[in-house]
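Structure at a glance
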Amino acid sequence: MRAPPALQARRRALRGRRPSIAGMATRFELRAATPGDAPRVAEILLAARAAHLPYAPLAHSAAEVHDWIAQVLLPAGGVRVLVAGGVPRAMAAHAVDNGVGWIEQLYVEPGFNGRGGGTALLQRALAELHAAGAHPVRLWCFQANTGARRFYERHGFVAVDFTDGRGNEEGCPDVLYERSSSG
């Protein structure tokens, strides 16, 4: 069902301007993550996992996550942050492997969900993967993460495989999503 025209116009007017935590309009920017962002990127990932994935215990300590982000994830490239009020509030990482695009990470700071940041990061990643010639784009998501699953399905991803979790570090059942370049 489509929203009424007045609501559609309001949504268009608010794109890129989302309510801040304090209720004031906040503009955000997307940019490549820098080495200086590593501590904040780790904080976002750890906080989002604690808030939204209590069933998926971390396979590594917080210190190991911080080290991995600083020493592996950021140097590999493809990491973007969403900055609002001068502070990174969300992060996403993407890569290409044998011509297939992968959304490897996408986390939004708890309390900043529902403001368009995740969508903005996903759209940027999809555009960059498309420009790199990646086809299709895939990602893994825990089966129990129903909010993320709805989010990806709204953005054209389709579940193509379900596993029992033996293939991931957390041991949680997951689902492989895929999006065609036309999706």
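Because the structure is predicted, anything quoted here is derived from the model rather than measured.

Reading guide: rules and limits
Residues numbered from 1 in each chain as written. Predicted model: local features only at pLDDT ≥ 70, side-chain atom pairs only at ≥ 80, totals over all residues. Heavy atoms only, no water. Buried < 20%, exposed > 50% of the residue type's maximum accessible area, 1.4 Å probe, protein only. Helix = DSSP H or I, 4+ residues; strand = E, 2+ residues; numbered from the N terminus. Pairing = 2+ DSSP bridges. Axes fitted to C-alpha atoms, helices over the stretch in contact; angles between N-to-C directions. Parallel < 35°, antiparallel > 145°, perpendicular 65-115°, else oblique. Left-handed = near helix turned anticlockwise from the far one by under 90°. Contact = heavy atoms within 4.5 Å. Nonpolar A, V, L, I, M, F, W, Y, C, P; charged D, E, K, R; others polar. Core = buried A, V, L, I, M, F, W, Y, C linked by side-chain atoms within 4.5 Å.

**Quick word on the pairing of strand S3 (residues 79–84)**
Here S3 lies mainly inside the structure; six of its six residues are buried. Residues Val79, Val81 and Val83 of S3 are buried on one face, and the alternating residues Arg80, Leu82 and Ala84, pointing to the opposite face, are buried as well. Relative to strand S4 (residues 87–97), S3 runs antiparallel, the two sharing six bridges. Paired with Arg80 across the bridge in S4 is Ala92. Linking S3 back to S4 in an antiparallel pair, the connection comprises two residues, with Gly85 at a positive phi of about 65°.

**Side note on the packing of helix H2 (residues 38–52) against helix H3 (residues 62–76)**
The contact between H2 and H3 brings their axes to 9 Å, and the two run at 125°. In terms of axis orientation, H2 runs oblique to H3. Remark: the crossing between H2 and H3 carries right-handed chirality. Each of Ala38, Pro39, Val41, Ala42, Glu43, Leu45 and Leu46 in H2 lies in contact with H3, whose residues at this interface are Ala62, Val65, His66, Ile69, Ala70 and Leu74. Residues of the contact of H2 with H3, tallied by class, amount to 11 nonpolar, one polar and one charged.

**Quick word on the nonpolar core**
Here is a general trend for soluble globular proteins: nonpolar side chains tend to be buried in one another's company. In this structure, Leu82, Ile103, Leu106, Leu122, Leu139, Tyr152 and Phe157 are the most contacted members of the largest nonpolar core, which totals 25 residues. Elements that contribute at least two residues to this core include exactly S3, S4, strand S5 (100–108), helix H4 (117–131), strand S6 (137–142), helix H5 (146–154) and strand S8 (174–179). When residues of this core are assigned to their parent elements, the largest contribution, six residues, is made by H4. Counting 22 residues, the second-largest nonpolar core is a separate cluster that includes Ala38, Ala42, Leu46 and Tyr107.

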